[in-house]
Amino acid sequence: MTESKVLLFIVEGPSDEASLAPALEQIITGSTVKFKVMRADITSDYGSTVENIERRIKEFGVKRFLTDNSQFSANDICGIVHIVDLDGAFIADELVTEGEVEDVQYYDDRIVCKNREKFLRGKNNKEANLLHLSSISEISIPYGVVVPYSIFYMSCNLDHVLHNKRNSTKKQKQEDSILFADNYDDPEKFASFFNGSDIKIEGTYPETWKYAQIELNSLKRGSNFWICIDSYKGGC
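Just so you know, these numbers come straight off a predicted model, no measurement behind them.

(A) Region of the structure containing the nonpolar core. Phe-9, Ile-80, Ile-141, Phe-190, Phe-194, Trp-209 and Phe-225 are the most contacted members of the largest nonpolar core, which has 63 residues in total. Looking at this core element by element, the count peaks at 7 residues for strand β8 (residues 145-155). Core analysis: the next-biggest nonpolar cluster, separate from the first, contains 9 residues, Val-96, Ile-111, Cys-156 and Leu-219 among them.

Shown next as structure tokens:
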């Protein structure tokens, strides 16, 4: 057992942890902040369905975190915070087109991809899983433990929110994550950033998710992560 409970952040890639962890470790004073980097988007993965997405988070997220960090047990975890990119998940399918691109390109009013059928399969999967995950408030983790669960979004993705860039390369993501962490390691400055008028999606937790589902909003720049900061300042 550890002295303070663990608030576990589940994120898609290493740039999420590099950008967010330094400030969050200072803001969330009552709990130990830890990250599990999935290195994939579990919500759009073809193997993830509404029926099994919670189990997959438990198996591929929490259980693997505990395996890699044997000093912690399931009983040490007091909450799960899941951070996702929206990636235009809620826009109409007809706004997705095929083009001569290597990587998916996101714009204000459309998405251009190399293989439309393949992309739509992942997009529609992501939409269904996000609707489900945003409707639950707790999740089962290994050994029969149940903990609070919440999911927060970056729109259209992390780089769009933090750097106003939708289509960054891997190298740009790495460089920009270091820059953001250096510029926003101060807790008050970090919190102010996510409460800024050009980033903050106003409303209650359910209202911010309803907003994301409207028209082109899942392509627009914005985040409801300010709710996470306000909710977990004292830990969990």
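(B) Seen up close, the packing of aromatic side chains. All chains considered together, the criterion is met by 12 aromatic pairs. With centroids separated by 5.9 Å and ring planes inclined at 15°, the aromatic side chains of Phe-65 and Phe-72 adopt a geometry described as stacked. Residue classification places Phe-65 among the buried residues on the basis of a relative accessible area of 2%. Given a relative accessible area of 10%, Phe-72 falls into the buried group. Residues Phe-194 and Phe-225 carry aromatic rings whose centres are separated by 5.2 Å and whose planes lie at 65° to one another, so their mutual orientation is edge-to-face. Linking Phe-194 in helix α6 (residues 187-194) with Phe-225 in helix α8 (residues 225-231), this pair joins segments that are 31 residues apart in sequence. Put simply, the rings of Phe-152, Phe-180, Tyr-184, Phe-190, Phe-193, Phe-194, Tyr-205 and Phe-225 touch in pairs and so form one group of aromatic residues. For Arg-110, the ring lying beneath its charged end belongs to Tyr-107, and the centroid distance is 4.1 Å.

(C) View of helix α3 (residues 116-133). For α3, which comprises 18 residues, the first-to-last C-alpha distance of 25 Å matches the rise-based estimate of 26 Å (1.5 Å per residue) to within 8%. The N-cap of α3, judged by a side-chain oxygen 3.3 Å from the amide nitrogen of Glu-117 a few residues on, is Asn-115.

(D) Molecular detail of the packing of helix α1 (residues 14-27) against helix α5 (residues 170-183). Direction vectors running N to C along α1 and α5 enclose 5°, while the axes themselves pass 8 Å from each other. When the axes of α1 and α5 are compared, the pair comes out roughly parallel. Every residue of α5 that contacts α1 at Ser-15, Ala-18, Ser-19 and Pro-22 is listed here: Lys-173, Ser-177, Phe-180 and Ala-181. Residue classes in the contact of α1 with α5 are distributed as 4 nonpolar, 3 polar and 1 charged.

(E) Layout of the state of the cysteines. Enumeration according to the criterion identifies 1 disulfide in this entry. With its sulfur 1.6 Å from that of its partner, Cys-78 forms a disulfide with Cys-236. One end of the pair, Cys-78, is in strand β3 (residues 77-85); the other, Cys-236, is in the segment after α8, and 158 residues separate them in sequence. Cysteine Cys-113 shares no disulfide, and the gap to the nearest cysteine sulfur, in Cys-156, comes to 13 Å. When its relative accessible area of 1% is taken as the criterion, Cys-113 is described as buried. On the basis of relative accessibility, which here comes to 0%, the residue Cys-156 falls in the buried class.

(F) Structural detail: unusual backbone geometry. Along the chain, Ser-155 connects to Cys-156 via a cis peptide bond; the corresponding omega equals 0°. Along the chain, Cys-156 falls in the loop between β8 and α4 (158-163). With a phi angle near 55°, Asp-87 is a residue other than glycine that sits in the positive phi range. Of note, Asp-87 is situated in the loop between β3 and β4 (96-98). Here Glu-215, not a glycine, exhibits a phi torsion of approximately 45°, which is positive. Assignment of secondary structure puts Glu-215 in the loop between α7 (205-212) and β9 (222-223).

Cut-offs used in this document
Residues numbered from 1 in each chain as written. Predicted model: local features only at pLDDT ≥ 70, side-chain atom pairs only at ≥ 80, totals over all residues. Heavy atoms only, no water. Core = buried A, V, L, I, M, F, W, Y, C linked by side-chain atoms within 4.5 Å. Buried < 20%, exposed > 50% of the residue type's maximum accessible area, 1.4 Å probe, protein only. Helix = DSSP H or I, 4+ residues; strand = E, 2+ residues; numbered from the N terminus. Phe/Tyr/Trp six-rings, centres within 6.5 Å; stacked < 30°, edge-to-face > 60°. Lys NZ or Arg CZ within 6 Å of the ring centre and 35° of its normal. Expected span 1.5 Å × (residues − 1). Polar contact = N/O pair within 3.5 Å; in protein donor to acceptor, adjacent residues only side chain to side chain. Axes fitted to C-alpha atoms, helices over the stretch in contact; angles between N-to-C directions. Parallel < 35°, antiparallel > 145°, perpendicular 65-115°, else oblique. Contact = heavy atoms within 4.5 Å. Nonpolar A, V, L, I, M, F, W, Y, C, P; charged D, E, K, R; others polar. Disulfide = S-S within 2.5 Å.

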